[in-house]
Amino acid sequence: MTIRYVESEKMTVQGKWDAIVKRYGKWWKIEPLGGGNGNWLLTRKSDVLVNGKSYRSFILDHYGKSRLTKKLADKFRKDVESGKIIIQ
């Protein structure tokens, strides 16, 4: 079983809305930057992938937290390895 923490990311891009959504819309949250002018701020939240599947929501619900941090991801990994959390 592979457990991998993916850090949050933020970047800016320039271009037309349609092109940006087509290229980044599946994986990134897109917001206008600087009052328009074709500049966009793209953000992606951190995640924990177990065998390629996202467990972000499960971890936040299980621990009663609102932010997924590296420390929380490490706690999840230790709990899985020790058998406290069983993943199907």
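Bear in mind the structure is a predicted one, so any value in this text is a computation, not a measurement.

## Here we look at the packing of helix α2 (residues 56-63) against helix α3 (residues 70-82)
Inference 1: Between α2 and α3, the least distance of the axes is 11 Å, while the angle of their chain directions is 85°. Between α2 and α3, the angle falls in the class roughly perpendicular. Only Leu72, Lys75, Phe76 and Asp79 of α3 make contact with α2, whose side of the interface consists of Phe58, Ile59, Leu60 and Tyr63.
Inference 2: Looking at the contact of α2 with α3 residue by residue, the class counts come to six nonpolar, no polar and two charged.

## Thoughts on the side chain of Ser46
Inference 1: By the secondary structure assignment, Ser46 is in the loop between β4 (39-44) and β5 (47-50).
Inference 2: From its side chain, Ser46 meets the backbone oxygen of Leu68 in a polar contact 2.8 Å long.
Inference 3: Residues in contact with Ser46, not counting those within four places in the same chain, are Tyr5, Val6, Glu7, Ser8, Arg56 and Leu68.

## Regarding the sheet that holds strand β1 (residues 3-6)
Inference 1: The strand order across the open sheet formed by three strands is β1-β5-β6, and the pairing between neighbours is antiparallel. Each having just a single partner strand, β1 and β6 (53-54) make up the two edges of the open sheet.
Inference 2: Here β1 runs beside β5; their pairing, made up of four bridges, is antiparallel. Paired with Ile3 across the two strands is Val50, which belongs to β5.

## Here's the deal with the pattern of salt bridges
Inference 1: The final tally for this structure, using the stated rule, is four salt bridges.
Inference 2: The closest approach of N and O atoms between Arg44 and Glu9, which form a salt bridge, is 2.7 Å. Remark: Glu9 occurs in strand β2 (residues 9-14) and Arg44 occurs in strand β4; sequence separation between them is 35 residues.
Inference 3: A residue is classified by how much of its surface remains accessible, and Arg44, at 29% relative accessible area, is partly exposed.

## Describing the pairing of β5
Inference 1: Side chains Asp47 and Leu49 project from β5 onto one buried face, and the interleaved Val48 and Val50 project onto a second face that is buried too.
Inference 2: When β5 meets β6, the two strands line up antiparallel, connected through two bridges. What sits directly across from Leu49, in β6, is Ser54.
Inference 3: Between the antiparallel neighbours β5 and β6 lie two residues, among them Asn51 with a positive phi of about 55°.

What counts and how
- Residues numbered from 1 in each chain as written.
- Predicted model: local features only at pLDDT ≥ 70, side-chain atom pairs only at ≥ 80, totals over all residues.
- Heavy atoms only, no water.
- Axes fitted to C-alpha atoms, helices over the stretch in contact; angles between N-to-C directions.
- Helix = DSSP H or I, 4+ residues; strand = E, 2+ residues; numbered from the N terminus.
- Parallel < 35°, antiparallel > 145°, perpendicular 65-115°, else oblique.
- Contact = heavy atoms within 4.5 Å.
- Nonpolar A, V, L, I, M, F, W, Y, C, P; charged D, E, K, R; others polar.
- Polar contact = N/O pair within 3.5 Å; in protein donor to acceptor, adjacent residues only side chain to side chain.
- Pairing = 2+ DSSP bridges.
- Salt bridge = Lys/Arg side-chain N within 4 Å of Asp/Glu carboxyl O.
- Buried < 20%, exposed > 50% of the residue type's maximum accessible area, 1.4 Å probe, protein only.

Geometric descriptors of this kind do not, in isolation, establish any biological role.
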